[in-house]
Amino acid sequence: MNGLSFSEICCLFCCPPCPSKIAAKLAFLPPEATYSFQDLSESGKQALHLSEKAEWQYGQKELDLIEGFTTKSSKGNQIACMYIRCSPTARFTILFSHGNAVDLGQMSSFYVGLGTRINCNIFSYDYSGYGVSQGRPSEKNLYSDIDAAWQALRTKYGISPENIILYGQSIGTVPTVDLASRFECAGVILHSPLTSGMRVAFPDTKRTWCFDAFPSIEKVSKIVSPVLVIHGTEDEVIDFSHGLSIYERCPRTVDPLWVEGAGHNDVELYGQYLERLKQFIQQELAKPSKSISVV
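Residues numbered from 1 in each chain as written. Predicted model: local features only at pLDDT ≥ 70, side-chain atom pairs only at ≥ 80, totals over all residues. Heavy atoms only, no water.

Draft legend 1. The packing of helix H5 (residues 139–156) against helix H6 (residues 173–180), seen in detail. In the contact formed by H5 and H6, the axes pass within 9 Å of each other and the chain directions differ by 65 degrees. Here H5 runs over H6; the crossing is right-handed. In this structure, H5 uses Leu142, Tyr143, Ile146, Asp147 and Trp150 to contact H6, whose residues at the interface are Val174, Pro175, Thr176, Asp178 and Leu179. (Axes fitted to C-alpha atoms, helices over the stretch in contact; angles between N-to-C directions. Helix = DSSP H or I, 4+ residues; strand = E, 2+ residues; numbered from the N terminus. Left-handed = near helix turned anticlockwise from the far one by under 90°. Contact = heavy atoms within 4.5 Å.)

In structure tokens:
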């Protein structure tokens, strides 16, 4: 999402532009896979094997908490999924859509640490073309990928929507917003969200064009679940103004977390990050509510 040269701008806006070209130009940087799934013939399950590039920070005990498998999206791609049983007393499971340039292997240590600290189980997946997920990254695939993950979480593990928290970080807020605008759940966390692809590439953009990619700003008003927005005030990739705009447009926001001085990749290092998540999950979402009806 760096600045574009004149020739790149011409490439974007000639012939004519379309969302998929903008998305591919601005967003997708899949790394070399840092993990694989290995079949366990005795049980029919798959074990997670991490490479050194995954930088695993725990031991075998924590690794045994992780179950890996693949599920097929509506686009026909096999999507890699990861379920981490972080806590036997967890009420909520977080469906986590990670940021760019990482895969499930690189995120696994973070997931274990996060889930343990906030008493939630974690379910995550890799986008098409990321990790061992099949296909190529695209905006349409993002939406079908998270749909496949949502269905797998509900059917394979029997998790009800009222016990699912959708968490999107950076580019992961795009599929998170799309899913949350169509299905009700316990809550939504938008971490460094973007309003649209054009507004990231060209900050002076004031409207959503028909060829814009990732138009989250046009979808958030349809989210009926409680929303927590988190953004660093010095974000150098997705400007803080995006978080503000998303917060102002969501109908059911709770108090946001604006992390003073934080950039795009270090919000988690600030103490108020975990404290705000705990408050949101353990207090603001913990109140008994009527069952959620999801089609």
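Back to the write-up after that little detour.
Draft legend 2. Structural context of helix H4 (residues 104–118). Counted at 1.5 Å a residue, the expected span for H4 with its 15 residues is 21 Å, and the 20 Å between its end C-alpha atoms agrees. Bending of H4 peaks at approximately 30 degrees at the position of Phe110. Where burial is concerned, most of H4 is hidden: 11 out of the 15 residues are buried. Restricting attention to buried positions, one finds in H4 the residues Leu104, Gly105, Met107, Ser108, Ser109, Tyr111, Val112, Gly113, Leu114, Gly115 and Ile118. The N-cap of H4, judged by a side-chain oxygen 3.1 Å from the amide nitrogen of Gly105 a few residues on, is Asp103. Just downstream of H4 lies Asn119, where phi reads positive at about 55 degrees. (Expected span 1.5 Å × (residues − 1). Bend = angle between axes of the 7 residues up to and from the residue. Buried < 20%, exposed > 50% of the residue type's maximum accessible area, 1.4 Å probe, protein only. Polar contact = N/O pair within 3.5 Å; in protein donor to acceptor, adjacent residues only side chain to side chain.)

Draft legend 3. Summary view of the pattern of salt bridges. Going through the model one piece at a time under the given rule, you end up with 6 salt bridges. The partner of Lys156 in a salt bridge is Glu67, with the nearest N and O atoms 3.8 Å apart. Taken together, the residues Lys156 in helix H5 and Glu67 in strand S3 (residues 66–72) connect sequence positions 89 residues apart. Taking relative accessible area as the criterion, Lys156 reaches 43% and is therefore assigned partly exposed. (Salt bridge = Lys/Arg side-chain N within 4 Å of Asp/Glu carboxyl O.)

Draft legend 4. Geometry of unusual backbone geometry. Located in the positive-phi region is Glu55, a residue other than glycine, with phi close to 55 degrees. Position of Glu55 among the secondary structure elements: in the loop between strand S2 (45–50) and helix H3 (60–63). For Glu55, a relative accessible area of 59% translates into the label exposed. At Ser170, a position not held by glycine, the phi torsion is positive, near 55 degrees. Position of Ser170 among the secondary structure elements: in the loop between strand S7 (164–169) and H6. By relative accessible area, Ser170 is classed as buried at 7%.

Draft legend 5. Expanded view of the nonpolar core. Of all hydrophobic cores here, the largest spans 42 residues; its most connected members are Leu95, Phe123 and Leu166. The residues touching Leu95, leaving out its near neighbours within four places in the chain, are Phe123, Tyr125, Ile146, Ala149, Trp150, Leu153, Ile164, Ile165, Leu166, Tyr167 and Leu179. (Core = buried A, V, L, I, M, F, W, Y, C linked by side-chain atoms within 4.5 Å.)

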